[in-house]
Amino acid sequence: MSTISLRLPNSLHDTARDLAKQESISINQLIATALAEKISALMTEDYLAERAKRGSKAQFDAIMAK
């Protein structure tokens, strides 16, 4: 596991602290989960874009016609 130093605006830190407390988790866990969700969303977008490049309108129309 790695350690990073992160500078946050006070308002963002306060909000993160409040949300972590509401969820009964640490701020560290909240930030790690939020980062994982963001990475997943970005990777999914890239994955779908790559899949779309391999798509074919003609094949789609043929499948839909069945």
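Here the structure is shown first, and the text comes after it.
If you're wondering where the values come from, they're calculated on a predicted model, not measured in any experiment.

A. Broad picture of the pattern of salt bridges. Within this structure, the stated rule accounts for 3 salt bridges. Residue lysine 53 is joined to glutamate 50 by a salt bridge in which the shortest nitrogen-to-oxygen separation is 3.2 Å. Pair noted here: lysine 53 and glutamate 50 are both in helix H2 (residues 27-54), with a separation of 3 residues, about one helical turn. For lysine 53, a relative accessible area of 64% corresponds to the exposed category. On the basis of relative accessibility, which here comes to 46%, the residue glutamate 50 falls in the partly exposed class. Between lysine 57 and aspartate 61 there is a salt bridge, with its nearest N and O atoms 3.2 Å apart.

B. Seen up close, a nonpolar patch on the surface. Among the surface-exposed residues, Ile4, Leu6 and Ile31 lie close enough to one another that they form a single nonpolar patch of about 300 Å² accessible area. Within the secondary structure, isoleucine 4 is located in the segment before helix H1 (10-23). A relative accessible area of 69% places isoleucine 4 in the exposed class.

Conventions adopted
Residues numbered from 1 in each chain as written. Predicted model: local features only at pLDDT ≥ 70, side-chain atom pairs only at ≥ 80, totals over all residues. Heavy atoms only, no water. Salt bridge = Lys/Arg side-chain N within 4 Å of Asp/Glu carboxyl O. Helix = DSSP H or I, 4+ residues; strand = E, 2+ residues; numbered from the N terminus. Buried < 20%, exposed > 50% of the residue type's maximum accessible area, 1.4 Å probe, protein only. Patch = residues over 30% accessible without salt bridge, like charges linked within 9 Å, V, L, I, M, F, W, Y side chains within 5 Å. Areas by Shrake-Rupley, 256 points an atom, 1.4 Å probe, with all protein chains shown as cover.

By themselves, these figures tell us nothing about what the structure is for.
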